[in-house]
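These are the residues of each chain, in order.
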Amino acid sequence: MKHCIRTTIALISLLPLGLLAQQSSVTVSGTIKDKATKEALPFVNVVVKSATDSSLVSGTITDEAGLFTFSEIKPGDYLLEASFIGFNKYANPLFVGSNSDYFDLGVLLLEENVQQLSEVVVTAEQGAVSGKMDKKTYSLEDNVSQSGGSVLQSMLNLPGVTTQDGKVQLRGNDQVMILIDGKQTAITGFGNQNGLENLPASAVNKIEIINNPSAKFDANGNAGIINIILNKEDQNGFNGKVGLTAGLGALWVRKENLPNIRPQYQNTPKVNPSLSANYRKNKVNLFLQADNLYTETLNKNEFVTRTYNDGTVIRQQLKRNRNTNFFSSKAGLDWFISEHNSLTVSGLFSRESIMDRGDQPFFNEDLSERLRLWQFLEDEVLTAAMASAAYEHKFRQPGHRLDIGFNYTFDREDEKYFFDNTLPDYTSKESFALIADQRVADFNVDYIRPLKHGRLESGIKFRRRTIPTDMQFFPGFNSPLDPDADGKATYKETIPAVYGNYTYQSRKLEAEIGLRVEYVKLQYEVDPNHNTYSSDGYDYFQPFPNARVTYNLNGRNKLSAFFNRRVDRPDEVDIRIFPKYDDAEIIKVGNPALQPQFTNAFELGYKNVWEKGYYYAAAYHRVTDGAITRISTTVPGSNLIYTIFQNVNNSYNTGLEMALSQDLSEKISVNMNVNAYHNQIDAFTVVNQYPVENTFSSGQQEIVSGNIKLNAVFRFSGNFDAQITAIYLAPDIIPQGTIDSRFSLDAGMKKGIQQGKGELFLNATDLLNTMVIRKEIDGNDFSYTSTDYYETQVVRIGYSYKF
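What you see is a predicted model; the values in this text were computed from it and never measured.

> Even after reading the chapter, I still don't get the pattern of salt bridges, so can you show me in this structure?
Close approach of charged atoms allows side chains of opposite charge to pair. In total, this model carries 41 salt bridges according to the counting rule given. Residues Glu413 and Arg576 are paired through a salt bridge, measuring 3.2 Å at the closest nitrogen-oxygen approach. Within this pair, whereas Glu413 is found in strand S21 (residues 401-422), its partner Arg576 is found in the loop between helix H3 (572-575) and strand S28 (586-589), the two being separated by 163 residues in sequence. Taking the shortest distance from any N to any O, the salt bridge between Arg463 and Asp442 comes out at 2.8 Å. You can see Arg463 sitting in strand S23 (residues 454-474) and its partner Asp442 sitting in strand S22 (residues 427-451), a full 21 residues away along the chain.

Spelled out as structure tokens, the structure:
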């Protein structure tokens, strides 16, 4: 009941708020026939006029089939007129709304006697923060203060987006599905997100944040979807863009190492060359996007104090000096077979090599005795390749089309760790090696039909995904490595799905309803010699509905309500049975008995636009059944901590997101995003199976948290722009604990040169060096605090040139 009260209060508080509706255009089409004979009428004059002064907006004539088409019609009120010798003039109001890129007026009949037809309603899709309030779109060219690094870094100042442990969060939730050009890929993950901290931002054109996805999208990811749209040129002739970015990070030591370990990385270099090009002639367009991001980073510098109930205190540090090289490329061709048929064939290839040199000393409370020194070298290579074919058939009516696609992905995770385990009396050599090959085949058919008052979408999708893994441990004497927990395992996932989605719009009311039905079968085959786990899996046949209702209060105000049901399926790494020893005494392990978590999401949004700004708000409430989280426990006779994924009880996320943007003058604009939410996890009891069965219970956890982001943009003469970004993240709950507040200040500037073809930029992240991660964790017989002084301050300079 109290959750309902909180939600009601949040919804009431929305009433004075608003949001920008960025206007776009729509393609309007129809067919004109003789009412008596039903024959098509060619060469009919058709015009669109302004409803206010009858001025001409656009005009055309029908073709031999009676078809007419208008492009680039802006949302608003118009008059539609058609005239032809021997027929009476046709004239009717025309309303262009905000719900679809295309609109089919259907058949318009001309007759001798004038007869008023019903009012015509046309819908159009709106960009930036869309008119439906289900999506926000951001160009990375406008993100001056964060440009030149990785995609993860570029997302830091986007509204509603935060990052934690290398993952993106939407409204405080990391269950986000990441797409590249509308598809899941091995680069960013088919289940859990990954790779964003190394994917170069130079490869990206824009980013879409979809908080309320329609049934067209996969049901995975309860927090929403982030769609990363890569650069792609399609102009006639030879065109493109070349760029080079360089930077330095870790400019000084924020906290000195514990005694007698290797130095931290300082003045770490970053280099990012990039190329985007295309050649188009006649019916063929060849395109290429290639980027290489080389970075050296102080990836982790975490100081931990563990306190046990028996009085034992252990102080430790985990330092990672990381060298990463990430190469990504996409190439292909568009073949415009005819006016109505096209085929795109493309390939996506990436290779990420990671070399970590880590030190982890363990001391007693006063640092007088070193208990262990765990040093390691990680050598990891991640290789991914995806081949795609996409066929599009356009029917005669604009926007009426059939899409057929097939994607095949192969990627390999080749990871090796080599350890020196130094104890007070001896030193031993340890190592492990992992090979995981992922193969994914996706087939989809999508059909889109514009209607008189909206749009109909339907389609099918089929996925087959397999991941065989082979982990081998090579422990030394008195090693933390568990030699009986290695072996082989195979992940097999099959997902057929079908969906339908219908949108409707009139002058005052918009509606959308959709349903996606998925069958999922997951099999996880475990090596029979594993000392703890055995083969497991799950299957379900579930509906995932979505609904939206929007009421247009007037030309500048809209109110929308949403409902979504979504799922988070455990990914292969979540159920992977092999312990991971990048931390010698806080050990991560998967759980093959993990089940999907299901979420019902409710949202109410409101927007208003004025001449030089906007104000936006959305109240949301999410209820998750069987929430997935990591649980940390110990076992009798050992101080080692094991963190294992478990399904716990229900969790709740209720919040309010607001955005304000205002042009203070022609040279200065500001925008602010505020997100406040209440997170709660109900009390639960779970049983961890590894390394031996142990039970953990927790009381209810809850906290009010949020974040504030402020951007100021300055436009000077001479094509010179500057940006300052301030980010504050409030304390929040994490599994079994809390994370403290964080703050950063970023700044950047850019200048157009060479008649607008060239651009120079300079930026710096975390200018004040204040972004530090502090956590507190409580276990069954222990607690620990951690502070991570990882690299956050980076200065970059870059140049790009369009040709």
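> Help me out: how do you make sense of the packing of aromatic side chains in this one?
The relation between two aromatic rings is expressed through the spacing of the ring centres and the mutual angle of the planes. Applying the stated rule across the entire model yields 26 aromatic pairs. A centroid spacing of 5.6 Å and a plane angle of 50 degrees characterise the contact between Phe376 and Tyr417, whose relative ring orientation is tilted. Here Tyr417 lies in strand S21 and Phe376 lies in strand S20 (residues 370-394), a separation of 41 residues in the sequence. Take Phe376: its relative accessible area is 3%, and that puts it in the buried class. Overall, Tyr417 belongs to the buried group, its relative accessible area being 1%. Ring plane angle 80 degrees and centroid distance 5.9 Å describe the contact between Phe432 and Phe473, whose orientation is recorded as edge-to-face. Here Phe432, found in strand S22, pairs with Phe473, found in strand S23; they are 41 residues apart in sequence, far enough to count as distant. What makes Phe432 buried here is its relative accessible area of 2%. One aromatic cluster is present, formed by Trp374, Phe376, Tyr417, Phe419, Phe432, Phe473 and Tyr581 through successive ring pairs.

> What should I look at first to understand the nonpolar core in this one?
Here is a general trend for soluble globular proteins: nonpolar side chains tend to be buried in one another's company. Core analysis: the largest hydrophobic core is formed by 54 residues, its most contacted members being Trp374, Phe473, Tyr524, Tyr581, Tyr642 and Tyr690. Residues within four places of Tyr690 in sequence aside, it is in contact with Asp482, Ala485, Asn531, Thr532, Tyr533, Pro579, Tyr581, Val589, Tyr642 and Ile644. Grouped together as the second largest cluster of nonpolar side chains are 27 residues, Val151, Met155, Val204 and Ile226 included.

> Would you explain unusual backbone geometry in this entry?
A negative phi angle characterises most non-glycine residues, just as the trans form characterises most peptide bonds. At the junction of Tyr690 and Pro691, the peptide bond is cis and its omega measures out at -5 degrees in the coordinates. The residue Pro691 is located in the loop between strand S35 (684-688) and strand S36 (694-698) in this model. Residue Leu367 is not a glycine yet carries a positive backbone phi of 65 degrees. Along the polypeptide, Leu367 turns up in the loop between strand S19 (341-363) and S20. Accessibility expressed as a relative area gives 27% for Leu367, which makes it partly exposed. Of note in the backbone geometry, Asn769 takes a positive phi value of approximately 60 degrees without being a glycine.

> Help me understand the sheet that holds S28 in this model?
Think of a sheet as strands paired side by side through backbone hydrogen bonds, with each pair either parallel or antiparallel. Taken in spatial order, the three strands line up as S28-S32-S31 in an open sheet, and their pairing is mixed. Looking along the sheet, the strands with just one partner apiece sit at the ends: S28 and strand S31 (628-633). The mean inter-strand angle of the sheet, taken between neighbouring strand axes irrespective of direction, is 30 degrees.

> Sorry, what's going on with the sheet that holds strand S4 (residues 67-73) here?
In space, the three strands of this open sheet follow the order S4-S1-S7, with mixed pairing throughout. The sheet is open, and its two borders are formed by S4 and strand S7 (102-110), each paired with just one other strand. Strand-to-strand, the axes of this sheet are offset by a mean angle of 20 degrees, without reference to chain direction. Alignment of strand S1 (residues 26-34) against S4, held across five bridges, turns out to be antiparallel. If you follow Thr31 over to S4, its bridge partner there is Leu67.

> So what exactly am I meant to see when it comes to the confidence of the model for the protein here?
Predicted coordinates in areas of low pLDDT are best not read in detail. The share of residues in the protein with pLDDT of 70 or more is 94%, and the mean pLDDT across the chain is 88. Predicted confidence is poor over residues 1-23, with pLDDT under 50, and the contacts of this stretch with residues over four places away or in other chains come to 64 contacts. Here residues 114-128 is a poorly scored stretch, pLDDT under 50, and it has 74 contacts once near neighbours within four places are set aside; other chains count.

> I would appreciate a short explanation of the environment of Asn236 in the present structure.
Structurally, Asn236 is set in the loop between strand S14 (224-230) and strand S15 (237-249). A C-alpha to C-alpha distance of 44 Å links Asn236 and Arg569, two positions 333 residues apart in sequence.

Definitions and limits used
Residues numbered from 1 in each chain as written. Predicted model: local features only at pLDDT ≥ 70, side-chain atom pairs only at ≥ 80, totals over all residues. Heavy atoms only, no water. Salt bridge = Lys/Arg side-chain N within 4 Å of Asp/Glu carboxyl O. Helix = DSSP H or I, 4+ residues; strand = E, 2+ residues; numbered from the N terminus. Phe/Tyr/Trp six-rings, centres within 6.5 Å; stacked < 30°, edge-to-face > 60°. Buried < 20%, exposed > 50% of the residue type's maximum accessible area, 1.4 Å probe, protein only. Core = buried A, V, L, I, M, F, W, Y, C linked by side-chain atoms within 4.5 Å. Contact = heavy atoms within 4.5 Å. Pairing = 2+ DSSP bridges. Axes fitted to C-alpha atoms, helices over the stretch in contact; angles between N-to-C directions. pLDDT = per-residue confidence, 0-100.

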